[in-house]
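Here is how the chains run, residue by residue.
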Amino acid sequence: MVVTIVAGGQWGDEGKGKIVGYLSLKDHPAVVARAGVGPNAGHTVYFGGKRYGLRQVPCAFVNEKCRLLIGPGTLVDPQVLLKEVEETGCGARLGVDRNCAIIEQRHVEEDRATGGKIGTTGTGCGPANVARVRREARLASEVPELRPFLTDVPLELHRMMEKGGDILVEGSQGFGLSLIHGTYPFVTSKDTTASTLAADVGLGPTEVDEVLLVFKAYPTRVGNGPFPTEISQEEAERMGIVEHGTVTGRRRRVGKFDFEMAKRASMINGATQLALTCIDRLFRFPPTRRFENLPSEAQRFVREVEEKVGVPVTLISTGPDIWDTIDLREGRR
Ligand code: IMP
Ligand code: MG
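Residues numbered from 1 in each chain as written. Chains lettered and ligands numbered in written order. Predicted model: local features only at pLDDT ≥ 70, side-chain atom pairs only at ≥ 80, totals over all residues. Heavy atoms only, no water.

Engineer: Run through the coordination of the magnesium ion (ligand 2), naming residues and quoting values.
Structural biologist: Around the magnesium ion (ligand 2), the donor atoms from the protein are Asp13 (OD) and Gly42 (O), and they sit 2.0 to 2.4 Å away. Of the two residues, Asp13 is situated in the loop between strand 1 (3-8) and helix 1 (16-27) and Gly42 in the loop between strand 2 (31-34) and strand 3 (43-47); the sequence distance between them amounts to 29 residues. The class for Asp13 is partly exposed, based on a relative accessible area of 21%. (Donors = N, O, S within 2.8 Å, 3.2 Å for Na, K, Ca; no water. Helix = DSSP H or I, 4+ residues; strand = E, 2+ residues; numbered from the N terminus. Buried < 20%, exposed > 50% of the residue type's maximum accessible area, 1.4 Å probe, protein only.)

And the structure:
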């Protein structure tokens, strides 16, 4: 039985959705629980020729045998959730914790009116977390439309652990957006590291076996705030890298890999493994599943990350499709 947390090492948008999609099809975890702030996150997964940008439903929906959960620490916007349930057809295997706090329309309006300085996603997450701290938030148990999905996520996870099933926790956002460890005040409304992701779904620190920290080969950031290794938009364009946010459609700022930040993110998350994504876009080569097929400079980059961060790189994403993945875990497990 293995409990794994997937967390973001930069400013979100590291490709956690793709990694969770891959792990759910490859490893067949019994349960995948979504953690993190809420529908401010957009996790993208390409499956069956279709692109899904999911803000609430775990990306593990691609494995029809996975039970899908949303932990009590994660905010739920019922409208966003119900739309995704329809789009993915996952309703029969989805569970929403009774204690998830609810994003109301007024939270969205307040966020849009006041979030400009930080460049928030305008999805109501900050104001909803404020309401929760004030002990004024409505909980999922009080929302009639959510009744078919209500469950006790911590209890479900612990029952599954007793039965010996593997558990995957799908974190959202990234280290630099953490309210505690990130670039305050240009951060999200909660801590985003593995400890809080565990708490979001009701797991204790001693129950977690693996923390898989995800880095994009070139970090990106949407919204305002410090970005020490940022490059100009023109330089990014010359490298062929132009990206837009999944949730807001805003153009992402682009930078060079920040080894110092990666090391600190790894330290504070307690990372046991690293995943590197979008390496094909930085070094420009076609998708492959074999390390030997990587261009030599890409191989050197992977080794440099391992050496400087001091944690093994176990997964390398070389294309958008779930199976465009180099899996170096064999022999480690
Ligand atoms: P908020 O979380 O909407 O309050 O936004 C606060 C900051 O976090 C802004 O810079 C957002 O762009 C950023 N942010 C929040 N969630 C994500 C995410 O999932 N990916 C990328 N940036 C995010
Ligand atoms: Mg995203």
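Engineer: Residue-level account of helix 2 (residues 78-88), with values.
Structural biologist: Taken together, the buried positions of helix 2 are Pro78, Val80, Leu81, Glu84, Val85 and Thr88. Down the axis of helix 2, the smallest arc covering the buried residues is 160 degrees, so these residues share one side. In helix 2, the exposed positions angled more than 90 degrees off the buried face are occupied by Gln79, Lys83 and Glu86. (Arc of directions from axis to C-beta.)

Engineer: Let's hear about the packing of helix 8 (residues 259-269) against helix 10 (residues 296-309): which residues, and what values?
Structural biologist: Close contact between helix 8 and helix 10 brings their axes to 9 Å; oriented N to C, the two are set at 55 degrees. Here helix 10 runs oblique to helix 8, going by the angle between their axes. The way helix 8 lies across helix 10 gives a crossing that is right-handed. When helix 8 is examined against helix 10, the residues Phe259, Ala262, Lys263 and Ser266 are found in contact with a partner set consisting of Phe301, Glu304, Val305, Lys308 and Val309. Tallied by class, residues from the contact of helix 8 with helix 10 come to five nonpolar, one polar and three charged. (Axes fitted to C-alpha atoms, helices over the stretch in contact; angles between N-to-C directions. Parallel < 35°, antiparallel > 145°, perpendicular 65-115°, else oblique. Left-handed = near helix turned anticlockwise from the far one by under 90°. Contact = heavy atoms within 4.5 Å. Nonpolar A, V, L, I, M, F, W, Y, C, P; charged D, E, K, R; others polar.)

Engineer: Which residues make up the pattern of salt bridges, and what are the values?
Structural biologist: As enumerated under the stated definition, the model contains 17 salt bridges in all. The partner of Arg252 in a salt bridge is Glu243, and the shortest N-O contact between them spans 2.8 Å. This pair shows no difference in class: Arg252 is buried, exactly as Glu243 is. Between Glu304 and Lys308 there is a salt bridge, and its shortest N-O distance comes to 2.6 Å. Within this pair, Glu304 and its partner Lys308 are both found in helix 10, separated by four residues, close to a single helical turn. Here Glu304 falls in the partly exposed class, since its relative accessible area comes to 29%. Connected through salt bridges with shared partners, the residues Asp13, Lys216, Glu243, Arg252 and Arg281 form a single ionic network. (Salt bridge = Lys/Arg side-chain N within 4 Å of Asp/Glu carboxyl O.)

Engineer: Quick one: what's the story with the nonpolar core, residue by residue and with numbers?
Structural biologist: Nonpolar side chains tend toward joint burial in soluble globular proteins. The biggest cluster of nonpolar side chains holds 53 residues, and the ones touching the most others in it are Leu157, Leu274, Ile279, Phe301 and Val305. At five residues, helix 10 tops the list of elements feeding residues into this core. Beyond its immediate stretch of four places on either side in the chain, Ile279 contacts Ala217, Arg284, Phe285, Ala298, Phe301, Val302, Ile316, Ser317 and Thr318. (Core = buried A, V, L, I, M, F, W, Y, C linked by side-chain atoms within 4.5 Å.)

Engineer: Kindly report on the environment of His43, identifying the contributing residues and their values.
Structural biologist: Mapped onto the secondary structure, His43 falls in strand 3. In sequence terms His43 and Gly53 are 10 residues apart; their C-alpha atoms lie 5.4 Å from each other. Non-local contacts of His43, meaning those with residues more than four positions away in its chain, are made with Lys16, Gly17, Arg34, Tyr52, Gly53, Leu54, Cys59, Glu170, Gly171 and Ser172. Only 2.7 Å separates the side chain of His43 from the side chain of Glu170, close enough to count as a polar contact. (Polar contact = N/O pair within 3.5 Å; in protein donor to acceptor, adjacent residues only side chain to side chain.)

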